[in-house]
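What follows is each chain in one-letter form.
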2 protein chains.
Amino acid sequence: MITLTEENYIKSIYHLGKQGVNNVSTNAIAKDIKTKASSVTDMVKKLSEKGYADYKKYQGATLTEKGKRVAVSIIRKHRLWEVFLVEKLNFSWDEIHEVAEQLEHIKSEKLIKQLDAFLEYPTHDPHGDPIPDETGKIKSIDKILLSQAQIGDACICVGVQDSSSEFLKYLDKNNIALGTELIVVHKEPFDNSVTILVSAKEFIISNMIANNLFVKVG
Amino acid sequence: MITLTEENYIKSIYHLGKQGVNNVSTNAIAKDIKTKASSVTDMVKKLSEKGYADYKKYQGATLTEKGKRVAVSIIRKHRLWEVFLVEKLNFSWDEIHEVAEQLEHIKSEKLIKQLDAFLEYPTHDPHGDPIPDETGKIKSIDKILLSQAQIGDACICVGVQDSSSEFLKYLDKNNIALGTELIVVHKEPFDNSVTILVSAKEFIISNMIANNLFVKVG
DNA sequence: AATAATTTTTAGATTTATCTAAAAATTATT
DNA sequence: AATAATTTTTAGATAAATCTAAAAATTATT
């Protein structure tokens with residue numbers, strides 16, 4: 001049996017691993033899940049013994065195939081529950097993370113299978129992130145950060161990098177949602193801010209915002 | 001913060017307390033949650049320190065008002081989730097208990113408020129048990145065990161005492177569901193079996209079954 | 001390449017919930 | 001009422017996950 005704590009470590013290793021580094025350092029995991037490096041060392045040894053991770057002293061950890069399957073399954077559950085919360089229970093996209101963090105650990109194959117059907121097999125969660133299918137396949141669309149778009153590009157918002165409540169509330173306040181169409185009018189070299197045209201109105205967003213909003217060009 | 005384990009002990013004390021006894025013995029709790037009496041002693045002390053229960057050595061435990069509020073809130077969550085599983089995810093009534101046991105511990109006021117609304121404020125769960133309202137009020141209907149009904153009584157099935165998968169499957173197999181109408185045709189004094197008339201067909205059920213099926217007479 | 005700084009691991013302690021086995025208290029039986 | 005049987009509690013151990021502080025290894029800097 002896999003414990004809730006083990007699941008959270010596996011999730012962390014998976015997410016940190018996606019961000020480029022293959023061997024995730026104990027310190028990175030510690031920072032991510034707000035614990036001490038010494039605790040991580042212990043847990044990573046245990047995950048290795050149980051076959052979820054590969055780990056050699058001083059060389060960080062990577063997930064095995066078995067570990068990856070667990071991670072993807074948790075992500076699938078998390079994202080399906082997020083869709084449920086928004087579509088069925090009228091949560092806004094900045095309120096769902098905490099609750100989904102709890103729901104993702106519920107153990108029942110049938111529950112997830114039926115939830116998926118009930119939601120009519122959604123492909124993306126409310127933040128634009130892809131939902132892995134039953135076999136663990138993730139189909140990602142070709143999205144770029146708004147900061148990378150060129151002047152003149154017509155874009156559609158398809159996702160967020162940062163899904164913190166503060167950022168999402170900022171987007172809400174400024175009427176930017178998934179599916180919103182925009183055109184890049186100007187990119188200011190001085191501060192890397194981006195001027196965009198949204199519903200016939202010009203609007204300047206900081207580089208920080210542009211760096212956290214995914215768009216599809218064309 | 002209340003832990004999952006504490007919640008399960010509180011639930012157990014509540015249920016055992018409902019069954020007549022006011023001061024629930026440590027042994028009874030131990031049997032109910034499949035642990036040892038010595039573990040129960042420890043936990044009951046802790047619940048007492050935290051204000052969820054009253055406990056004096058050798059005299060068993062009772063829930064305080066605070067403890068009862070917790071218990072009722074868990075029961076509310078459990079039963080709402082059961083309705084969700086049956087009504088929305090096509091679970092059958094013998095499959096829902098385990099999953100609801102997990103879901104009942106999810107912490108989010110909004111989640112339950114919205115779930116309740118989404119399900120259109122159900123008053124009873126799929127086993128016929130009443131769902132406490134937001135304030136903790138439980139309105140119970142006047143039901144009796146089928147074994148207590150008199151010959152000639154026209155009854156409607158309104159609930160089950162035992163909600164084990166085996167019993168529920170037996171009912172399914174014999175086309176007895178909540179809402180099913182039946183008439184008591186005969187009560188056999190020898191073995192206390194009951195002959196009932198269901199959809200124009202006579203059917204004999206054992207005393208054990210009659211002792212676990214709640215009906216409303218008239 | 002030697003030293004300094006940082007990261008990672010080890011060793012030992014702590015907390016929560018559990019257990020076993022023995023002691024104490026309560027309840028039942030003669 | 002004394003003894004037997006049962007229940008309940010205590011004492012001490014164990015397992016999981018964490019922590020602090022010190023030691024070891026790695027990486028960076030001069």
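Remember, predicted model here, so these are calculated numbers, not experimental data.

Quick notes on the rules
- Residues numbered from 1 in each chain as written.
- Chains lettered and ligands numbered in written order.
- Predicted model: local features only at pLDDT ≥ 70, side-chain atom pairs only at ≥ 80, totals over all residues.
- Heavy atoms only, no water.
- Helix = DSSP H or I, 4+ residues; strand = E, 2+ residues; numbered from the N terminus.
- Buried < 20%, exposed > 50% of the residue type's maximum accessible area, 1.4 Å probe, protein only.
- Domains from an automatic or database assignment.
- Contact = heavy atoms within 4.5 Å.
- Buried area = accessible area lost by both parts, 1.4 Å probe.
- Salt bridge = Lys/Arg side-chain N within 4 Å of Asp/Glu carboxyl O.
- Polar contact = N/O pair within 3.5 Å; in protein donor to acceptor, adjacent residues only side chain to side chain.
- Axes fitted to C-alpha atoms, helices over the stretch in contact; angles between N-to-C directions.
- Parallel < 35°, antiparallel > 145°, perpendicular 65-115°, else oblique.
- Nonpolar A, V, L, I, M, F, W, Y, C, P; charged D, E, K, R; others polar.
- Near = heavy atom within 4 Å.
- Least-squares fit on C-alpha atoms with pLDDT ≥ 70 in both.

1. Some remarks on the environment of Val194(A)
Residues and elements named next belong to chain A.
Stage number 1. Its place among the elements puts valine 194 in strand E6 (residues 194-198).
Stage number 2. On the basis of relative accessible area, valine 194 is assigned to the buried category, the value being 1%.
Stage number 3. Valine 194 sits 12 residues away from serine 206 along the chain, and the two C-alpha atoms are 6.4 Å apart.

2. Regarding the domain arrangement of chain A
Stage number 1. Domain annotation for chain A reports domain 1 (4-63) and domain 2 (144-217).
Stage number 2. The gap between the C-alpha centroids of domain 1 of chain A and domain 2 of chain A is 34 Å.

3. Looking at the environment of Lys34(A)
All names here are of chain A.
Stage number 1. Note on placement: lysine 34 falls in the loop between helix H2 (26-33) and helix H3 (37-49).
Stage number 2. Residue class for lysine 34 comes out exposed when judged on its relative accessible area of 75%.
Stage number 3. The spacing of lysine 34 and aspartate 129 is 95 residues in sequence and 24 Å in space, taken between C-alpha atoms.

4. Section: the interface of chain A and chain B
Stage number 1. Every contact between the two is made by 20 residues of chain A and, on the other side, 20 residues of chain B.
Stage number 2. Each partner contributes to the roughly 1,700 Å² buried at the junction of chain A and chain B, and carbon and sulfur atoms together form 71% of this total.
Stage number 3. For the pair chain A and chain B, the number of links is 2 salt bridges.
Stage number 4. Our count for the contact surface shared by chain A and chain B stands at 6 residue pairs in polar contact (both at pLDDT 80 or more).
Stage number 5. Residue assignment for the side of chain A that touches chain B shows that the elements contributing at least two residues are helix H4 (65-87), helix H5 (96-103) and helix H6 (109-118) of chain A.
Stage number 6. Among the elements that take part in the side of chain A that touches chain B, H6(A) stands out by supplying 5 residues, more than any other.

5. Thoughts on the packing of helix H1 (residues 4-18) of chain B against helix H3 (residues 37-49) of chain B
All names here are of chain B.
Stage number 1. With their axes 11 Å apart at the nearest point, H1 and H3 run at an angle of 95° to one another. Considered as vectors, H1 and H3 are oriented roughly perpendicular to each other. Residues Thr5, Glu6, Tyr9, Ile10 and Ile13 of H1 touch H3, and the partners they reach there are Ser39, Val40, Met43, Val44, Lys46 and Leu47.
Stage number 2. When its residues are assigned to classes, the contact of H1 with H3 shows 7 nonpolar, 2 polar and 2 charged.

6. Examining the protein's contact with DNA strand C
Stage number 1. In the vicinity of DNA strand C there are 21 residues, among which Lys45(A), Tyr55(A), Lys57(A), Thr35(B) and Lys46(B) approach most closely.
Stage number 2. Within 4 Å of the protein, the contacting atoms of DNA strand C are drawn from sugar and phosphate to the extent of 80%.
Stage number 3. Tyr58(A) has a polar backbone atom sitting 2.8 Å from a phosphate oxygen of DNA strand C.
Stage number 4. Mapped onto the surface near DNA strand C, the elements with two or more residues apiece are H2 and H3 of chain A together with H1 and H3 of chain B.

7. Thoughts on the side chain of Thr64(A)
Stage number 1. You can see Thr64(A) is positioned in the loop between strand E2 (61-63) and H4.
Stage number 2. If near-sequence neighbours (up to four positions away) are discounted, Thr64(A) is found in contact with Gly51(A), Tyr52(A), Ala53(A) and Asp54(A).

8. What to know about the relation of the copies chain A and chain B
Stage number 1. Overlay of chain A on chain B (RMSD 0.0 Å): rotation 180°, translation along the axis 0.0 Å. The operation mapping one copy onto its partner corresponds to a two-fold rotation axis. Taking C-alpha positions as reference, the residue of chain A nearest the rotation axis is Leu103(A), located at 3.8 Å.
Stage number 2. Interface residue correspondence from chain A to chain B reaches 100%, placing this contact among same-surface, isologous pairings.

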